[in-house]
Amino acid sequence: LFARSNKEASVVDSSCGYAVKAEQKLKWTHLWLWAYFGYSVVAVQGVGLYFLLKGRQEGWITPGDFVVVLGINFEIAYCLRDLTKDFSKFSQLWGRISQALTTIQITPEILDAPDAKPLVVTQGRIIFDKVKFHYKGARPLFENKSVIIEPGQKVGLVGYSGGGKSTFVNLVLRMYDITGGKITIDGQDISKVTQESLRGSIATIPQDPSLFHRSIMENIRYGRIEASDEEVIQAAKRAHAHEFIINLPDKYDSLVGERGVKLSGGQRQRIAIARAILKGSPILMLDEATSQLDSITKKYIQEGLQELMHGKTTIVIAHRLSTLMNMDRILVFERGKIVEDGSHYQLLTSQGGLYKSLWEAQVGGFLGDKESI
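Rules behind the numbers
Residues numbered from 1 in each chain as written. Predicted model: local features only at pLDDT ≥ 70, side-chain atom pairs only at ≥ 80, totals over all residues. Heavy atoms only, no water. Salt bridge = Lys/Arg side-chain N within 4 Å of Asp/Glu carboxyl O. Helix = DSSP H or I, 4+ residues; strand = E, 2+ residues; numbered from the N terminus. Buried < 20%, exposed > 50% of the residue type's maximum accessible area, 1.4 Å probe, protein only. Core = buried A, V, L, I, M, F, W, Y, C linked by side-chain atoms within 4.5 Å. Contact = heavy atoms within 4.5 Å. Pairing = 2+ DSSP bridges. Axes fitted to C-alpha atoms, helices over the stretch in contact; angles between N-to-C directions. Parallel < 35°, antiparallel > 145°, perpendicular 65-115°, else oblique. Left-handed = near helix turned anticlockwise from the far one by under 90°. Nonpolar A, V, L, I, M, F, W, Y, C, P; charged D, E, K, R; others polar.

What follows covers the pattern of salt bridges. Evaluated as defined, the whole model comprises 8 salt bridges. Asp 341 is paired through a salt bridge with Arg 329; the nearest N and O atoms lie 2.9 Å apart. In this pair, Asp 341 sits in strand 10 (residues 337–342) while Arg 329 sits in strand 9 (residues 329–334), placing the two residues 12 residues apart along the sequence. Residue class for Asp 341 comes out partly exposed when judged on its relative accessible area of 43%.

Encoded structure:
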């Protein structure tokens, strides 16, 4: 789009220049080594042949000695040649292995506690108890944040970009460890339960879902591995993905490409919604789950999502405020703080509230960046 192929080519040339020069140096070294080795073998054989002929003239060398000496010389030469090849290959493999081990041996920042137990969700109550958090090298984002989300409650998160909405969700998923306070689900500290059980209890629909380079059937079934084909198809129908899937050449066996590049953004989003429906976890988190859908499909999807949210503790991040009108509660974030808390209609009736100003400033229910308002 910016016609900068020459610029990018120069960047690649400069970044690869060192590797190219090192490879050239290695190849020249090999060339001189093999030339020296070849001449050395010829010289050794020549010297050996000279003494063999001289010994034959003097009568103390037999024809069999010729075969033995020359044969041994050739075997020694072959062994030395193979040995130098192995040394060359060893040096290259050593570099690759060292680089690979550097990556493999990285210790994950988020680890399970030694005595971590599986999370058991009975109701779905989420509590932030005086939580403190900040990103490395950044100012504190959350300071003594305390929030209680009741079981089965549908909660919307709104606010300007960078206000802390996604961080709030990521902390519940324990993508980061907090620096103070605690987060509990049904009274269980999430830092003391296994990450596998925590994330297995939460169905997440991200704004930009990533798919595996596998079939659509496998991508949807990833929500619940043991699900039958019929259950996968029912989940796809509820997510309104079945309509476009059956029109693909291989239908549910169609490969989606790396990260789902063979599908449109809206199709990937519907696959992600189907996957969350199939998972059926007691806690549901949506991050702009319908942002890439057309208006007609979005209407049907929202009806399906309302059904999916029934009886589940649900957290919804949305910039399009009209999607939050049916939420039980809306938390308005500004610079890491919750400045307003209430239902859609309660917040609209408040005087001078941030939510009301955002609602009035948006166009068609969409909330832009702070600078554009």
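A word on the nonpolar core. Counting 44 residues, the largest nonpolar core has Ile 220, Ile 245, Tyr 252, Ile 271, Leu 324, Ile 330 and Tyr 355 as its most contacted members. Examining the composition of this core, we find that 7 residues originate from one element, helix 8 (residues 265–279), more than from any other. Residues in contact with Ile 330, not counting those within four places in the same chain, are Gly 156, Val 158, Leu 324, Glu 340, Asp 341, Gly 342, His 344, Leu 347 and Tyr 355. By size, the runner-up hydrophobic cluster in this structure holds 28 residues, among which are Val 131, Val 169, Leu 198 and Met 285.

Looking now at the sheet that holds strand 10. Think of a sheet as strands paired side by side through backbone hydrogen bonds, with each pair either parallel or antiparallel. Spatially, the 6 strands line up as an open sheet ordered 6-7-8-3-9-10, and their pairing is mixed. Unpaired on one side and paired on the other, strand 6 (202–205) and strand 10 mark the two borders of the sheet. Adjacent strand axes in the sheet meet at a mean angle of 20 degrees when their direction is disregarded. In terms of strand pairing, strand 9 meets strand 10 through 5 bridges, oriented antiparallel. Bridging across to strand 10, Glu 334 finds its partner in Lys 337.

With that settled, consider the packing of helix 6 (residues 229–238) against helix 8. Helix 8 packs onto helix 6 with a crossing angle of 125 degrees between their chain directions and a minimal axis gap of 8 Å. Judged by the angle between their axes, helix 6 and helix 8 are oblique. Crossing of helix 6 against helix 8: the hand is right-handed. Contacts from Glu 231, Val 232, Ala 235, Ala 236 and Arg 238 in helix 6 reach Ala 274, Ile 277 and Leu 278 in helix 8. In the contact of helix 6 with helix 8, the residues fall into 6 nonpolar, no polar and 2 charged.

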